[in-house]
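Structural overview
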Amino acid sequence: MRILLFTGKGGVGKTTLAAATAVRLAGRGRETLVVSTDPAHSLADAFGTRLTGEPSLVDTRLHAAHVDTRGLVDSAWDELRAQLRAVLAGAGVDELDAEELTVVPGLDELLALTEVARLAKTGNWDTVVVDCGPTAETLRLLALPDAIATYLQRAFPARSVRGMVSGVGRQGWVDAVTRLAAHLAELRDLLADPQVTGVRLVLTPERLVVAESKRTLAALALRDIRVDGMIANRLVPKAGMRRGPAATWLRTRRGEQDEVLAELRASTPIELHVVEHRAAEPVGLEALASLADELYGRSDPLGSSVSRPPSLLQIRPEGAGYVLRVAIPLTEQSDVDLARIGDDLAITVDGMRRLVPLPAVLRRYEVADASVDGDGLLLQFAGATP
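The shown structure was predicted, so the numbers you read here are calculated from the model rather than taken from an experiment.

The next subject is the overall build of the chain. Secondary structure assignment for the chain yields 12 helices and 15 strands. Looking at the chain as a whole, 45% of its 386 residues are labelled buried. In the chain, the share of contacts with a sequence separation of at least 24, taken over all contacts with a separation of at least 6, comes to 69%.

Here we come to the packing of helix α1 (residues 14-27) against helix α12 (residues 285-296). With their axes 8 Å apart at the nearest point, α1 and α12 run at an angle of 90 degrees to one another. Between α1 and α12, the crossing angle belongs to the class labelled roughly perpendicular. For the pair formed by α1 and α12, the contact residues are T16, L17, A19, A20, T21, V23 and R24 on the first element and L285, L288, A289, L291, A292, D293, L295 and Y296 on the second. Of the residues contributing to the contact of α1 with α12, the split by class is 11 nonpolar, two polar and two charged.

Next up on the list: the side chain of T32. Here T32 is to be found in strand β2 (residues 32-36). Side-chain polar atoms of T32 contact the backbone oxygen of R30, separated by 3.0 Å.

Following the criterion strictly, the structure yields 18 salt bridges and no others. Across the salt bridge formed by E263 and R207, the nearest N and O atoms sit 2.7 Å from each other. In this pair, E263 sits in helix α11 (residues 245-267) while R207 sits in helix α10 (residues 207-222), placing the two residues 56 residues apart along the sequence. Across the pair R325 and D373 runs a salt bridge, and its minimum N-O distance is 2.9 Å. Note that R325 is positioned in strand β10 (residues 321-326) and D373 in strand β14 (residues 366-373), a separation of 48 residues in sequence. For R325, a relative accessible area of 15% translates into the label buried.

Our focus in this paragraph is the nonpolar core. Membership of the largest hydrophobic core comes to 66 residues, with the highest contact counts inside it found for F6, F47 and M230. Discounting residues that sit within four places of it in the chain, F6 has contacts with K14, L17, A18, T21, V129, V130, D131, C132, R200, V202, I231 and Y296. One finds A221, L222, L358 and F381 within the second-largest nonpolar core, a separate group that totals 18 residues.

Moving on, we get to α1. Residues spaced three or four apart along an α-helix point in a common direction, a consequence of the helix completing one turn every 3.6 residues. With 14 residues, α1 extends 20 Å between its outermost C-alpha atoms, agreeing within 8% with the 20 Å of an ideal straight helix rising 1.5 Å per residue. Among the 14 residues in α1, 12 count as buried, and that is most of the element. Listed as buried for α1 are K14, T15, L17, A18, A19, A20, T21, A22, V23, R24, L25 and A26. Residue G29 follows α1 closely and has a positive phi angle near 95 degrees.

With six bridges connecting them, strand β11 (residues 336-341) and strand β12 (residues 344-349) associate as antiparallel partners. Counterpart to D337 in the pairing with β12 is T348.

Now for unusual backbone geometry. The backbone phi angle of R61 is positive, close to 65 degrees, even though this residue is not glycine. Within the secondary structure layout, R61 lies in the loop between β3 (56-59) and β4 (62-66). Given a relative accessible area of 37%, R61 falls into the partly exposed group.

Tracing the sequence through the fold places V275 in strand β8 (residues 272-276). For V275 and P237, which are 38 residues apart along the polypeptide, the C-alpha to C-alpha distance reads 9.6 Å.

So, on to α11. With 23 residues, α11 ought to run about 33 Å at 1.5 Å a step, and its terminal C-alpha atoms sit 34 Å apart, in line with that. Buried residues in α11 make contact with β6 (197-203), α10, β7 (227-235) and β8.

Before going further, it helps to spend a moment on the packing of aromatic side chains. Working definition: an aromatic ring pair is given by the centre-to-centre distance plus the angle between the planes. Counted according to the given criterion, the structure contains one aromatic pair. Consider the rings of Y322 and Y365, whose centres lie 5.5 Å apart with planes at 85 degrees: the pair is edge-to-face. Placement of the pair is Y322 in strand β10 and Y365 in the loop between β13 (352-357) and β14, with a sequence separation of 43 residues.

What counts and what doesn't
Residues numbered from 1 in each chain as written. Predicted model: local features only at pLDDT ≥ 70, side-chain atom pairs only at ≥ 80, totals over all residues. Heavy atoms only, no water. Helix = DSSP H or I, 4+ residues; strand = E, 2+ residues; numbered from the N terminus. Buried < 20%, exposed > 50% of the residue type's maximum accessible area, 1.4 Å probe, protein only. Contact = heavy atoms within 4.5 Å. Axes fitted to C-alpha atoms, helices over the stretch in contact; angles between N-to-C directions. Parallel < 35°, antiparallel > 145°, perpendicular 65-115°, else oblique. Nonpolar A, V, L, I, M, F, W, Y, C, P; charged D, E, K, R; others polar. Polar contact = N/O pair within 3.5 Å; in protein donor to acceptor, adjacent residues only side chain to side chain. Salt bridge = Lys/Arg side-chain N within 4 Å of Asp/Glu carboxyl O. Core = buried A, V, L, I, M, F, W, Y, C linked by side-chain atoms within 4.5 Å. Expected span 1.5 Å × (residues − 1). Pairing = 2+ DSSP bridges. Phe/Tyr/Trp six-rings, centres within 6.5 Å; stacked < 30°, edge-to-face > 60°.

In structure tokens form, the structure reads like this:
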């Protein structure tokens, strides 16, 4: 099974392109599920039909669903939260404080991702196409499994959890936490597996949108998540041999868009598809199939092969120390901050942060210098402690 995640800045047309891609995949004989985690729930509008939280047949080999995150929170979280309150109260935490501590930021997004994984297992799908929310929400969504798994590991190590549980007789809670941690690790591995999951980044050919897309590429690389394609949507049509003010406007605007896309292509090896702006909004299966023809031509939306991206961390010895490369696509405008926290390296790129455990061989060394090249960050480690 392959999973394609479609994301991009709000309003760039990612829902329509995700739906068109799903129509193409199903038309080529693949059992396809397209599911939306976007709270706007525009996927039903693209197909011109009603969708629910469970997969429903839209066309031959094509099913679709909407994730109801509010309903998931109401149905899935109450029991675990009650168990957590009981354990915290038994450990001496005031009842009001315990209630506040069980409010988990980002829970909606986490449950949405969990539901996508569940739906992916409900049928014999060849491909699952996910219409994600806008970029900022998607980045939070994809960061949560790693962040919460790390939190659980540090805040509730197995030994301390057993001690708390034994004091209040809540073995069921530690089992729940253990299952949650294992499930989060499974989600994290699924997202980071380039043989399974790829991201399609949708943008419009405007400098501000392209600048955000470049930041998104760096943020996803920081999470070890592969972007295997970009789609530039809504290019104005070429004016051809026409004359007059309207044709002049079209040539000027298209020239600006082509210039922006040429700069984007020069800055990344990721394949870029383009789609022209259409006079009529593509709604319904026939219009979506026509859009997919323009988008992919005769090619396969999944691509002919799946390449494994370079590892996030690459080490090589140098002199009396080591050089650590952090493979993140950066631009001259990237805002990068580094900090050493114990045996972890805290990397922040344009406001997105990740704690990366240092390889064991580097933990006795200090960061002596840092620089940036075309392939990411270069960190010099020197001065090993005994």
